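# Observations on the model geometry
Residues per chain are reported as follows:
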Amino acid sequence: MRQLKEGGKIAIVSPSGTIDESLLEEGVEKIRERGYEVEIMPHVVGCKRGVFSAEDSERAADLVEAMRRDDIDAIICARGGYGAVRTLQGIDEREWDRCDKWIVGFSDITAIHSMMVKHGKKSLHGPMIKHVAHHGMDSEDVKQMMEIMSGEKYVTKGRAGEGSVEGESEGVLVGGNLSLVYSLRATPADIDPKGKILFIEDLSEYNYHIDRMVQNLKYSGFLKELKGVVVGQYTGMKDGATAFGKTATEIIVDAVKEYGYPVWTGFEAGHGQEVNKPLVMGARVKMRVSGGQGEIEEAE
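Residues numbered from 1 in each chain as written. Predicted model: local features only at pLDDT ≥ 70, side-chain atom pairs only at ≥ 80, totals over all residues. Heavy atoms only, no water.

## Section: the overall build of the protein chain
Counting its secondary structure elements, the protein chain contains ten helices and 13 strands. The C-alpha radius of gyration of the protein chain comes to 18 Å, within 12% of the 19 Å expected for a compact globule of 300 residues. Across its three principal directions, the C-alpha atoms of the protein chain cover 50 × 40 × 35 Å. Here the protein chain, with 300 residues, has 56% of them falling under the buried criterion. If you take every contact in the protein chain between residues at least 6 apart in sequence, the share linking residues at least 24 apart comes to 78%. For the protein chain, the computed accessible surface area is about 12,700 Å², with 45% contributed by carbon and sulfur atoms. Counting 38 positive and 49 negative side-chain charges, the protein chain places the centres of these two groups 4 Å from one another. (Helix = DSSP H or I, 4+ residues; strand = E, 2+ residues; numbered from the N terminus. Rg over C-alpha atoms; globule rule 2.2 N^0.38 Å. Buried < 20%, exposed > 50% of the residue type's maximum accessible area, 1.4 Å probe, protein only. Contact = heavy atoms within 4.5 Å. Areas by Shrake-Rupley, 256 points an atom, 1.4 Å probe, with all protein chains shown as cover. Lys, Arg positive; Asp, Glu negative; His and termini not counted. Charge placed at Lys NZ, Arg CZ, Asp CG, Glu CD.)

## Section: empty space enclosed by the protein
Throughout the structure, instances matching the rule amount to one cavity of 30 Å³ or more. Considered as a void within the structure, the largest cavity measures approximately 30 Å³ in volume. Of the residues forming the lining of the largest cavity, the biggest block, three residues, is contributed by helix α5 (residues 110–118). (1 Å grid on protein atoms, 1.4 Å probe; cavity = no way out; pocket = protein on both sides within 12 Å on 5 of 7 lines; lining within 4 Å. Points joined across faces, edges and corners; volume = space filled by probe spheres on them.)

## Thoughts on the packing of aromatic side chains
Under the defined criterion, the tally for this structure stands at five aromatic pairs. Relative to Phe267, the ring of Phe199 lies with its centre 6.1 Å away and its plane at 70°, an arrangement referred to as edge-to-face. With a gap of 68 residues between them, Phe199 in strand β8 (residues 196–203) and Phe267 in the loop between β10 (263–264) and β11 (279–281) connect regions that are remote in the sequence. Residue Phe199 shares its accessibility class with Phe267, and that shared class is buried. Ring geometry for Trp264 against Phe267: centres 4.9 Å apart, planes inclined by 85°, an arrangement best described as edge-to-face. Residue classification places Phe267 among the buried positions, given a relative accessible area of 1%. Its end group placed over the ring of Tyr206, Lys238 keeps NZ or CZ at 4.7 Å from the ring centre. The ring of Phe267 is capped by Lys277, whose NZ or CZ atom sits 5.7 Å from the centre of that ring. (Phe/Tyr/Trp six-rings, centres within 6.5 Å; stacked < 30°, edge-to-face > 60°. Lys NZ or Arg CZ within 6 Å of the ring centre and 35° of its normal.)

## Here we look at the pairing of strand β4 (residues 102–105)
Of the two faces of β4, the one lined by Trp102 and Val104 and the one lined by Ile103 and Gly105 are each fully buried. Here β4 runs beside strand β5 (residues 123–125); their pairing, made up of two bridges, is parallel. Note on β5: the bridge partner recorded for Gly105 is His125. Each parallel crossover has a hand, and the one from β4 via α5 to β5 is right-handed. (Pairing = 2+ DSSP bridges. Right-handed = clockwise from strand over helix to strand, strands pointing away.)

## Here we look at the confidence of the model for the protein chain
Per-residue confidence for the protein chain averages 98 on the pLDDT scale, and 100% of its residues sit at or above 70. When pLDDT is averaged over each element of the protein chain, β10 comes out on top at 99 and helix α6 (residues 129–135) at the bottom at 96. (pLDDT = per-residue confidence, 0-100.)

## Focus: the state of the cysteines
If you walk through the whole model with that rule in mind, you get zero disulfides. Distance from the sulfur of Cys47, which forms no disulfide, to the nearest cysteine sulfur (Cys77) is 16 Å. Judged by relative accessible area, Cys47 falls into the buried class, the value being 14%. The thiol of Cys77 is unpaired, and the distance to the nearest cysteine sulfur, on Cys99, comes to 11 Å. On the basis of relative accessibility, which here comes to 0%, the residue Cys77 falls in the buried class. (Disulfide = S-S within 2.5 Å.)

## Here's the deal with unusual backbone geometry
Leaving glycine aside, a negative phi is the common case for residues, and trans is the common case for peptide bonds. Positive phi, normally seen in glycine, also occurs at Ala186, with a value near 70°. Position of Ala186 among the secondary structure elements: in the loop between α8 (178–183) and β8. Ala186 sits in the exposed class, given a relative accessible area of 79%.

## Section: the pattern of salt bridges
Within this structure, the stated rule accounts for 28 salt bridges. Across the pair Glu65 and Arg69 runs a salt bridge, and its minimum N-O distance is 3.0 Å. One network of salt bridges, in which partners are shared, links Lys9, Glu37, Glu39, Glu65, Arg69 and Asp71. (Salt bridge = Lys/Arg side-chain N within 4 Å of Asp/Glu carboxyl O.)

Structure representation (structure tokens):
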């Protein structure tokens, strides 16, 4: 992927929801203070259409322009929300083959990561503008995100939580938001699970919804084909009138236990307010879980 050099230009796009203009300005100013040039694409603000930042065609046009332009070195999404799957439908798949730039985002941006992976590209599941506005450029997750775009090798380490399964494996890192992974099944952006290491996180879902999605992945054979699973933050999970009886993490661990591959639970990425560690989607990585610790390192 193209390296983001000092003084390089970053485009801000919003392929999904609309962002509060004051948050956008604050986040962009903090990036500019570090010497980067920032261009906010035309339909990020001022074009709101319901929950969307702009019309589907306008959001697609912004992203395609940012992908094509030689003077733009990297692309950061303003926010997630909902709408990326509609944006994808307005983009010719050949555009993804030509894209050589980092695209950064998470949550609904999982749809874009999935399409990039399908076309053999890498992209960054990581902090967006709201996080930069709130936590600044010196937070560890934002610093690592910028370092990766600047060409540093990807390595991440941390505590492996309860239910983790020890082991080592190698595969291509994929995934993001579980609801998006589930909703993309049988679409052109669907993930081929064979030889992949799957990261999944989610927000404000009922536990039985998590189970329903995970059972789809299990029953279809998707989980069996994987080389490993990384379980991120499950924030604001809910139970119905009758408790489901398992947490989201327990649901996932139970579903994959028969496959024997490594599982890293408690990975600090997702919708938590404080930390959102970046993951390089589409990268071939080595994953190790041992002694209560996990590590993911980009393979040579």
